[in-house]
Amino acid sequence: MRIQRFAFTCLAAICSAVLVYGQVTYERLLNAGKEPGNWMTYSGSYPSWRYSILDQITRQTASRLKVEWVYQMPTPLMVETTPLVVDGIMYLTEPPSNVVALDAATGRQYWRYRRELPNRINVCCGQVNRGVAILGNRIFVGTVDAHLVALDAKTGAVLWDVRVADHTTGHSITVAPLVVKDMVICGISGGEYGVRGFLDAYDVATGKRRWRFWTIPEPGQPGGETWPGDAWKTGGAPTWTTGSFDAEQNLIIWGTGNPSPDWNGDSRHGDNLYSDSAIALDADTGKLKWYFQFVPHDVHDWDATQVPVLVDGEWRGQPRKLIYWAHRNGFYYVLDREKGTFLFGTPFAKQTWAKGLDSAGHPIRLPNIDPSPEGTYIWPGVQGATNWYSPSYNPLTKLFYLSVWENRSVYHKGEQAYSPGNRYIGSVPLIDLPEDPGHGAVRALNPQTGERVWNYDLHTKPWAGVLSTAGQLVFGGSDEGHFFALDAETGREVWRQNLGGIIRANPVTYLVNGRQFVSIAAGSALFTFALAR
Amino acid sequence: MRTLVTLIWTVSLAAQPVRNPRTSPDDIALGAKTFRSHCAPCHGMHAEGGRGPNLASGRFYHGSSDANLLTNITEGIPGTEMPALFYMEDRVWQIIAYIRSRNAAAERPAGDVARGAALFRSKGCTGCHRVGGVGGSLGPDLTQVGTMRSVEHLRQSIVDPSADVQPRYWVARFKDDSGKPVEGFVMNEDTYSVQLMDMNQQLHSYEKAALQDYKVEKVSKMPSYKDLLTGEPLNDLVAYLASLRPE
């Protein structure tokens, strides 16, 4: 086994060396999971498992993990970046919308792109950015002033810069784009400003838009009947977390966000399609193939902006294309990936808003759960039982891992009129209750049953995603600033390090010069670890 | 000469206070509407305070001018829970107009401030509370409490201290690794450790894995003065606390 691992490491190192000046082709992205030295898409591969076959760092060796290098970002803003690593070079974003290329072995900088921004930026929750995409010699980044920019991967020079939407009306881009074929797929933020959401595809060479899918249909289109009057024009449903790609079916599968205004649904009676939904689009045309709405007529801000995890597996004894999806509303779902049909759902965290799900996966709502002027206490809280930070699926343990919040909020309902560039939310809830702050966990679920296999309790609620590896480890982080490695089979802690800053990012792993590295952003720095030599 | 005139003109412009352009009754009414939807969850339905400071008093921790309020509401206050509101300037000015209307109507406590100050000293409050750098440090520093809390909240804190206890004053109780009972205010806590101030005002840090019977109680260590202070003396003490509003 050790010899095999050594041989694999040598092979990977040789591949890395050979590819140092190679370009990232679509074929490489398609087979990203077989190229473990690199981390080439937001979630590591198109099925979005956030899993690596690297196994130098194991349950036995993780205790020797040490900080290899630290990259400090000159920013007071929150860092939510997931770095990409290609052929020994790391590309990461700094908030608000800057990009840096580093030597992945030393953390030393090659270049830095600094985005000049207008004075007023309308973002709901901080001027953040979650990462870049790469194809050929180009890096793609979305900006908080709602532009999409292509940079030269060697120098950081701007190759093209297109306006995706009007930032003065509350549009912004915080999502890491996803390259599919010769297109950059890019979502939009602005669900707290009454934007009309969409998902776009741009030509990687020219920046010309290939297609746009509006996540809110117009009157007369299918789904248009779920919005009264002109509410569709300001109905939200943004697309601010990176989705997945099913190459075999040529489907882009992406989550959509809350309808606007968030906590007062009086102006938008109806299901409000396609808010809070999984949508599957033909990659070439952007046409809707199917959708599944997790929360019809949401009034709690429970976006479906989680990363869809695509697994080809067995379902009740039959091979099936599946999606595993732990939703912000506290339920874990299994969907069929060909039709979008609901297969299974069960709570994975405390929730007090639904009796359960019916046979179609629709929530069976309990009474008195809507926001009210005096405030309504509901689990999960506004930030959900999970959120945008990534889950992971490990094919060795066949477990689904995620960060979980166990908490409640007080949902207030207020009045709200739309005006461009102003918040359009319908009140401000008490998101965190000082007297009852809740707690968090990293949790392993059996993805076929939703049952909890193990739980790693956290005193506070984590904003960090998880990464699992063939070393039988799950890496995760906490709001308290701890980065840790857990036994993927049992949840036992095998290593941890206090990084001294809130972790609001996803971990990645890669290989340079035959050594496995693990990186995570904490506070305003990126920390990279390797086994002590 | 022209340069001098320009300079004087510029300086005089810069010195002019920013004035709220939206102060009509309609603006105040619209500001009240926005306030109730977006500010009241923390600052109270009538700006009397709660999780966030009392805004009815007319004095504010982070600047009392209209310009200060405009900045703080628009951009939030770093290092506090106050978020940015992300409204256009006109809407924020309406909120400020509403807050100012509350300032004009702010409740004035009936008691005597000087007698209240004497009570504060004679009843032992200074043993735990500090005002202007004088007093103990087990309880909250009250130097600016008049800007933070409404009169009603101050009264409640005296007669029923456990009604609203800030997490900083929650009390951890446990036995340490030698079996010794420990009690202290939770200054910080994470998954693995807790940092305390014990009742002798000493600071300690413990690894939680080594502790037995660890629990955190969300009740106040302050005794209730419900039966000790009533009527006029209670009003006096409340008046004194409400007067603690340093410029």
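Keep in mind it's a predicted model, so treat the numbers as computed, not measured.

So, about the overall build of chain B. A count of helices and strands for chain B gives nine helices and seven strands. Relative to the compact-globule value of 18 Å for 247 residues, chain B shows a C-alpha radius of gyration of 22 Å, a clear excess of over 25%. Seen through its C-alpha atoms, chain B measures out along the principal axes to roughly 80 × 45 × 40 Å. The burial tally for chain B puts 28% of its 247 residues in the buried class.

This part takes up the packing of helix α6 (residues 113–122) of chain B against helix α9 (residues 231–242) of chain B. All names here are of chain B. The N-to-C vectors of α6 and α9 enclose an angle of 95°; their axes lie 7 Å apart at closest approach. By the angle between their axes, α6 is roughly perpendicular relative to α9. For the pair α6 and α9, contact is made by Val-113, Arg-115, Gly-116, Ala-117, Leu-119 and Phe-120 and by Pro-233, Asp-236, Leu-237, Ala-239 and Tyr-240, respectively.

Moving on, we come to helix α5 (residues 89–104) of chain B. For an α-helix, 3.6 residues make a turn, and residues three or four places apart therefore share a direction. All names here are of chain B. Its 16 residues place the ends of α5 23 Å apart at the C-alpha level, agreeing with the 22 Å of an ideal helix rising 1.5 Å per residue. Along α5, the positions that sit buried rather than exposed are Arg-91, Val-92, Trp-93, Gln-94, Ile-95, Ile-96, Ala-97, Tyr-98, Ile-99 and Arg-102. Buried residues belonging to α5 abut α2 (25–38) and α4 (66–75).

Now for the sheet that holds strand β35 (residues 508–512) of chain A. Backbone-to-backbone hydrogen bonds join strands into a sheet, with any given pair of strands oriented parallel or antiparallel. Residue and element names in this part refer to chain A. Read from one edge to the other, the open sheet built from four strands follows the order β2-β37-β36-β35, with strand pairing classed as antiparallel. The open sheet has two edge strands with one neighbour each: β2 (65–72) and β35. Recorded for the sheet is a direction-independent mean angle of 30° between the axes of neighbouring strands. Relative to strand β36 (residues 515–522), β35 is paired through five bridges, and the arrangement is antiparallel.

So, about the environment of Thr-169 of chain A. Residues and elements named next belong to chain A. Inspection of the secondary structure assignment puts Thr-169 in the loop between β10 (158–163) and β11 (178–180). A count of 18 C-beta atoms within 10 Å places Thr-169 in the partly exposed class. Taking the C-alpha atoms as reference, Thr-169 lies 31 Å from Gly-330; in sequence the two are 161 residues apart. If we ignore the near neighbours within four places in the chain, the residues touching Thr-169 are Tyr-193, Val-195, Pro-420 and Gly-421.

With that out of the way, let us pick up the environment of Met-45 of chain B. All names here are of chain B. The residue Met-45 is located in the loop between α3 (40–43) and α4 in this model. Taking the number of C-beta atoms within 10 Å as the measure of exposure, Met-45 has 14 and is therefore partly exposed. The sequence separation of Met-45 and Ala-32 amounts to 13 residues, and the corresponding C-alpha distance is 9.2 Å. Other than its neighbours up to four places away in sequence, Met-45 contacts Arg-36 and Ala-40.

Looking now at the nonpolar core. Buried together is how nonpolar side chains tend to be arranged in soluble globular proteins. The biggest cluster of nonpolar side chains holds 160 residues, and the ones touching the most others in it are Val-132, Ile-134, Val-179 and Val-184 of chain A. Residues within four places of Val-184 of chain A in sequence aside, it is in contact with Ala-133, Phe-140, Leu-148, Pro-177, Val-179, Tyr-202 and Val-204 of chain A. Ranked by size, the runner-up nonpolar core spans 18 residues in total, among them Cys-39, Ala-56, Ile-73 and Leu-85 of chain B.

We now examine the domain arrangement of chain B. Residue and element names in this part refer to chain B. Partitioning chain B into structural domains gives domain 1 (14–104), domain 2 (113–160 + 223–242) and domain 3 (167–217). Between domain 1 and domain 2, the C-alpha centre-to-centre distance is 27 Å. With nine residues of domain 1 at the interface, the matching set in domain 2 holds eight residues. For the side of domain 1 that touches domain 2, the residue count by class is four nonpolar, three polar and two charged.

Residue and element names in this part refer to chain B. Taken together, the buried positions of helix α8 (residues 151–159) are occupied by Val-151, His-153, Leu-154 and Ser-157. For α8, the arc enclosing every buried residue in end-on projection is 165°, short of the 170-degree limit, so these residues lie on one face. The secondary structure elements touched by the buried residues of α8 are α9.

Let us now look at the packing of α4 of chain B against α5 of chain B. Residues and elements named next belong to chain B. The geometry of α4 relative to α5 is characterised by a closest axis approach of 10 Å and an angle of 125° between their N-to-C directions. Looking at the two axes, α4 sits oblique to α5. The hand of the α4/α5 crossing is right-handed. Contact with α4, carried on its side by Asp-66, Leu-69, Leu-70, Ile-73 and Thr-74, involves Val-92, Ile-95, Ile-96 and Ile-99 of α5 and no other residues of that element. Along the lines of polarity and charge, the residues of the contact of α4 with α5 split into seven nonpolar, one polar and one charged.

This next bit is on the sheet that holds strand β27 (residues 399–406) of chain A. Residue and element names in this part refer to chain A. The antiparallel open sheet is built from four strands, whose spatial order is β26-β27-β29-β30. Only two strands of the sheet have a single neighbouring strand rather than two, namely β26 (392–394) and β30 (452–458). Adjacent strand axes in the sheet meet at a mean angle of 25° when their direction is disregarded. With three bridges connecting them, β26 and β27 associate as antiparallel partners. Residue pairing in the sheet places Ser-392 in a bridge with Tyr-401 of β27.

With that out of the way, let us pick up unusual backbone geometry. The peptide bond linking Pro-95 of chain A to Pro-96 of chain A adopts the cis configuration, its omega dihedral lying at 5°. Assignment of secondary structure puts Pro-96 of chain A in the loop between β4 (89–94) and β5 (98–103). Geometrically, the link from Trp-379 of chain A to Pro-380 of chain A is a cis peptide bond, its omega value of -5° lying close to zero. Structurally, Pro-380 of chain A can be placed in the loop between β25 (376–378) and β26. The residue Asn-250 of chain A is not glycine, and still its phi comes out positive at about 60°. Take Asn-250 of chain A: it is sitting in the loop between β15 (244–246) and β16 (251–255). Unlike most non-glycine residues, Gln-201 of chain B shows phi in positive territory, near 65°. Along the chain, Gln-201 of chain B turns up in the loop between β5 (193–198) and β6 (203–207).

Quick notes on the rules
Residues numbered from 1 in each chain as written. Chains lettered and ligands numbered in written order. Predicted model: local features only at pLDDT ≥ 70, side-chain atom pairs only at ≥ 80, totals over all residues. Helix = DSSP H or I, 4+ residues; strand = E, 2+ residues; numbered from the N terminus. Rg over C-alpha atoms; globule rule 2.2 N^0.38 Å. Buried ≥ 20, exposed ≤ 12 C-beta atoms within 10 Å, placed from the backbone. Axes fitted to C-alpha atoms, helices over the stretch in contact; angles between N-to-C directions. Parallel < 35°, antiparallel > 145°, perpendicular 65-115°, else oblique. Contact = placed C-beta atoms within 7 Å. Expected span 1.5 Å × (residues − 1). Pairing = 2+ DSSP bridges. Core = buried A, V, L, I, M, F, W, Y, C linked by C-beta atoms within 7 Å. Domains from an automatic or database assignment. Nonpolar A, V, L, I, M, F, W, Y, C, P; charged D, E, K, R; others polar. Arc of directions from axis to C-beta. Left-handed = near helix turned anticlockwise from the far one by under 90°.

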